[in-house]
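Structure assessment
Read off the chains here:
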Amino acid sequence: MATTDFSPGDRITYKQLSHALAHGFSPIVEVESQDGIYTVRFHHASGVSTLTDKAGNTCTYLGTGEIRERLGELGLTHGVLTWDDQCGDEMIGVPGHAMTPEERLTHGTRIAFR
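The following refers to the structure shown. Computed from a prediction, not measured in an experiment: that's the story for all the values here.

Counting secondary structure elements, the chain contains three helices and six strands. Written out in order from the N terminus, the α and β elements of the chain read β-α-β-β-β-α-β-α-β. Each of the 114 residues in the chain was classed as buried or not, and the buried ones make up 34%. Of the roughly 7,100 Å² of accessible surface on the chain, a fraction of 50% belongs to carbon and sulfur atoms.

The next thing to look at is the pattern of salt bridges. Opposite charge on two side chains lets them pair, provided their charged atoms get close. Tallied over the full model, the rule gives five salt bridges. The salt bridge partner of Glu30 is Arg104, with a shortest N-O separation of 3.2 Å. Separated by 74 residues along the polypeptide, Glu30 in strand 2 (residues 28-34) and Arg104 in helix 3 (residues 101-107) bring together distant segments of the chain. Note on accessibility: Glu30 and Arg104 belong to one class, buried. In this structure, the salt-bridge partner of Arg41 is Glu32, at a minimum N-O distance of 3.0 Å.

The next thing to look at is the sheet that holds strand 1 (residues 11-13). Taken in spatial order, the six strands make up an open sheet running 1-4-3-2-5-6, and their pairing is mixed. The sheet is open, and its two borders are formed by strand 1 and strand 6 (109-112), each paired with just one other strand. Going across the sheet, the axis of each strand differs from the next one's by a mean of 35°, ignoring polarity. Where strand 1 meets strand 4 (residues 47-52), three bridges bridge the pair, whose relative direction is parallel. Counted as the bridge partner of Arg11 is Thr50 from strand 4. Packed on one face of the sheet, helix 1 (residues 14-22) meets strand 1, strand 3 (37-44) and strand 4 and runs near 85° to strand 1.

One broad trend across soluble globular proteins is that nonpolar side chains are buried collectively. Of all hydrophobic cores here, the largest spans 19 residues; its most connected members are Val29, Val31, Val40, Phe42, Ile67, Leu71 and Phe113. Elements with a contribution of two residues or more to this core: helix 1, strand 2, strand 3 and helix 2 (64-73). With residues near it in sequence (within four places) discarded, Val29 still touches Val40, Arg41, Phe42, Leu71, Leu76, His78, Gly79, Val80 and Phe113.

Once that is clear, we can look at the pairing of strand 5 (residues 78-83). Alignment of strand 2 against strand 5, held across four bridges, turns out to be parallel. Of the residues in strand 5, the one forming a bridge with Val31 is Leu81. Sheet topology note: the strand 5/strand 6 ladder contains four bridges and is antiparallel. Each residue of the ladder has a partner; that of His78, found in strand 6, is Ala112.

Our next topic: the environment of Tyr38. Note that Tyr38 resides in strand 3. With a relative accessible area of 16%, Tyr38 lands in the buried category. Here Tyr38 is in contact with Val31, Glu32, Ser33, Cys59, Thr60, Tyr61, Leu62, Gly63, Thr64, Ile67 and Leu81, once residues within four sequence places are set aside.

The rules we used
Residues numbered from 1 in each chain as written. Predicted model: local features only at pLDDT ≥ 70, side-chain atom pairs only at ≥ 80, totals over all residues. Heavy atoms only, no water. Helix = DSSP H or I, 4+ residues; strand = E, 2+ residues; numbered from the N terminus. Buried < 20%, exposed > 50% of the residue type's maximum accessible area, 1.4 Å probe, protein only. Areas by Shrake-Rupley, 256 points an atom, 1.4 Å probe, with all protein chains shown as cover. Salt bridge = Lys/Arg side-chain N within 4 Å of Asp/Glu carboxyl O. Pairing = 2+ DSSP bridges. Axes fitted to C-alpha atoms, helices over the stretch in contact; angles between N-to-C directions. Contact = heavy atoms within 4.5 Å. Core = buried A, V, L, I, M, F, W, Y, C linked by side-chain atoms within 4.5 Å.

Structure (structure tokens):
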């Protein structure tokens, strides 16, 4: 992750992302699948930012194709596909814990945007 004067908050729009990337912003891209609905997050030195629309609502996608095209247009080449699944099975008493962001990225699948 490169250092830049841009410090995003917990939300970032496509336009802000485009501007930040042009000025040295170099995040780790996470594409998270939640039962077939995908969201995009950017992990960077200041924290994690979720891709949102102009109104601040989280952008959701029904597949990875549109994500691949939009992020590829900005010059991003790859990301990590993660899943937000259950962390245990209460029916049979299997305890679990929610995965941390670092664990999700570590166990995710690398995907290409270009």
